[in-house]
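Breakdown of the fold
The residues making up each chain are set out below.
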Amino acid sequence: MSDTVLEARGIVKRYGHVTAVAGADFDLRAGEILAVIGDNGAGKSSLIKVLSGDVVPDAGEVLLDGKPVHFRSPQDAQRAGIETVYQDLAMAPALDIATNLFLGRELRRKGPLGSVLRMLDVKEMRRQSRRQMDELGITTLQSITQPVDSLSGGQRQTVAVARAAAFGRRVVIMDEPTAALGVRESQGVLDLIRRISATGIPVVLISHDMPAVFEVADRIHIHRLGRRAAVVRPQDHEMNEVVGFMTGALPPPEPVQEVAS
């Protein structure tokens, strides 16, 4: 489809004699929230790692805006505008929020101070961090200068998501963003995901939290036995049906033929 941003066709990934991804397909549309679900060992994590540049596939191709891309590292994917929030969040707890937002992409001062002495432009990083938080409607943080180790689990997740949104020009991928969070904090993260999607940036949500999936997802990619078993819309199926498709207790539904308007 013309609005497809990120695609994968026939992805294969083997680890020795084990085939984790067996000819998997994937597509993500502009501005949507696509949930990816599957049992442990279904191969969804390996597929997502291919899309984020963390794993190089043995076969198949990935396309961004319809053009083939060859990611050899997460940095390749980041340069293409794909950001991933992993479960460990990749934070530096002793550093403040602004520094964590620019971790690995720190801004240097202009002139000799930055190019020769490599001094950081802390003031500009804090200014841009405040603007990013304001644009995403994040009001749960007291100050951009707070150290991350002073934040709650939900607030840390918010910072990680804000970092991905700041640099993810094309796609934001989130791996279990509500895991280990309370109800209120989970809701805050889901609201943030909606706001990112509303800016036109599509979001891939990998999650075992089925209520969260049904609350925010536009479509659900069901991964089973190393392949895409089906793609469904939450409004078309009950939650227990989708779980049945995922586990194999129910046969996957026939693909819906969508007519362009």
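Residues numbered from 1 in each chain as written. Predicted model: local features only at pLDDT ≥ 70, side-chain atom pairs only at ≥ 80, totals over all residues. Heavy atoms only, no water.

Going by what an unreviewed UniProt entry lists, the protein is known as Fructose transport system ATP-binding protein and is assigned to Kineococcus rhizosphaerae.

Another point: unusual backbone geometry. Its identity as a non-glycine residue notwithstanding, D65 has a phi of 55°, on the positive side. Structurally, D65 can be placed in the loop between β4 (59–64) and β5 (67–69). Its relative accessible area of 41% is what places D65 among the partly exposed residues. One non-glycine residue, E176, lies in positive phi territory at about 50°. Note that E176 resides in the loop between β7 (171–175) and α7 (183–198). Look at E176 and you get buried, because its relative accessible area is 11%. (Helix = DSSP H or I, 4+ residues; strand = E, 2+ residues; numbered from the N terminus. Buried < 20%, exposed > 50% of the residue type's maximum accessible area, 1.4 Å probe, protein only.)

When you line up the elements, E83 lands in strand β6 (residues 82–85). In this structure E83 comes out as buried when scored by relative accessible area, which is 4%. A polar contact is formed between the side chain of E83 and the side chain of R105, at a distance of 2.6 Å. Contacts of E83, omitting those with residues within four sequence positions, involve Q78, R105, A164, F167, G168, V171, V172 and I173. (Polar contact = N/O pair within 3.5 Å; in protein donor to acceptor, adjacent residues only side chain to side chain. Contact = heavy atoms within 4.5 Å.)

Time to look at helix α5 (residues 122–135). With 14 residues, α5 ought to run about 20 Å at 1.5 Å a step, and its terminal C-alpha atoms sit 20 Å apart, in line with that. When we look at burial in α5, the residues that qualify are M125, S129, Q132 and M133. End-on, the buried residues of α5 take up no more than an arc of 95°, which puts them together on one face. Exposed and facing more than 90 degrees away from the buried side of α5 are K123, D134 and E135. If you follow the buried residues of α5, they end up packed against α3 (97–101) and α6 (153–167). Phi for G137, located one or two positions after α5, is positive at around 70°. (Expected span 1.5 Å × (residues − 1). Arc of directions from axis to C-beta.)

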